[in-house]
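Coordinate inspection notes
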Amino acid sequence: LRDELQEVHPPKPRHATTYLSLLHAITSGLFPDPFLGCTGTQKSISLLQSGRCCGNLITSMEDDVIEILAREVITLADIANISPARNFYPPNLEVMEVVEWPSSFEPLCAHNSFAFLAI
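Just so we're clear, the structure is a prediction, and the values are computed from it rather than from any experiment. Residues take numbers from 1 onward in each chain, read along the sequence in its written order. In view of the model being predicted, local features appear only for residues whose pLDDT reaches at least 70, and side-chain atom pairs are presented and counted only at 80 or more, with totals across whole chains, interfaces and linings using the full set of residues. Hydrogens and waters are ignored; side-chain quantities use all the structure's heavy atoms.

1. Topic: the environment of arginine 52
- Each helix is a run of H or I in the DSSP string that is no shorter than four residues. Each strand is a run of E no shorter than two, and both are numbered from the N terminus. Counting through the fold element by element, arginine 52 comes out in the loop between helix H2 (40-49) and helix H3 (63-80).
- Only protein chains enter the accessibility calculation, which uses a 1.4 Å probe; a residue is then buried when its area is under 20% of its type maximum, exposed when over 50%, and partly exposed in between. According to the relative accessible area criterion, arginine 52 is partly exposed, its value standing at 31%.
- As for arginine 52 and arginine 14, which are separated by 38 residues in sequence, their C-alpha atoms are 6.0 Å apart.
- The contact criterion used throughout is that any non-hydrogen atoms of two residues lie within 4.5 Å. With sequence-adjacent residues up to four places away left out, arginine 52 is seen in contact with Glu7, His9, Pro10, Arg14, Thr17 and Leu47.

Next up, the structure:
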């Protein structure tokens, strides 16, 4: 914990930051967290947009690197699943839209940005 920055500081590896982003997203509430000063959704999006989550996925093909990459891909897919699913109705006209919200989250905590930032 870094009180002066009001953040939970993850270890250096990128997969730790993506996992922390997932934790912030799934534990988000309607009101800002007193320690963070923002909601978990806002903090999660901020982490995904930060330099800690950007960059090359792998630099070598060693077994331990591939295992870490596989865990990170699963975590990013879990983050993307927090976004609402959108489909056209009727499918052939593409005039109206049906939005399916994730059932395990408050609708205000599920955010469209998760699908774009995590993929």
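The discussion continues.
2. A word on the environment of valine 8
- Note on placement: valine 8 falls in the segment before helix H1 (14-26).
- Spatially, the C-alpha atom of valine 8 lies 8.2 Å from that of leucine 36, the residues being 28 residues apart in sequence.

3. Points about the pattern of salt bridges
- Any carboxyl oxygen of Asp or Glu within 4 Å of a side-chain nitrogen of Lys or Arg constitutes a salt bridge here. With the rule as written, the count across this model stands at 3 salt bridges.
- For arginine 71, the salt bridge is made with glutamate 67, and the minimal N-O distance between the two is 4.0 Å. Of this pair, arginine 71 and glutamate 67 both sit in helix H3, 4 residues apart, which is roughly one turn of that helix.
- The salt bridge involving glutamate 97 is made with arginine 86; its shortest N-O contact spans 3.1 Å. Linking glutamate 97 in strand E2 (residues 96-100) with arginine 86 in strand E1 (residues 85-89), this pair joins segments that are 11 residues apart in sequence.

4. Overview of a nonpolar patch on the surface
- Candidate patch residues must exceed 30% relative accessible area and have no salt bridge, after which like charges are joined if within 9 Å and Val, Leu, Ile, Met, Phe, Trp or Tyr side chains if within 5 Å. Method for areas: the Shrake-Rupley scheme with a 1.4 Å probe, in which residue coverage is limited to the protein chains shown. A contiguous nonpolar surface patch, about 510 Å² in accessible area, is contributed by Tyr89, Leu93, Val95, Met96 and Val98.
- Mapped onto the secondary structure, leucine 93 falls in the loop between E1 and E2.
- Judged by relative accessible area, which is 54%, leucine 93 ranks as exposed.

5. Examining the confidence of the model for the chain
- Scored by pLDDT, the chain has a mean of 83; 91% of the residues are at 70 or more.
- Mean pLDDT values for the elements of the chain range from 77 in helix H4 (residues 113-118) up to 91 in H2. Values of pLDDT, ranging from 0 to 100, describe the predictor's confidence in every residue of the model.

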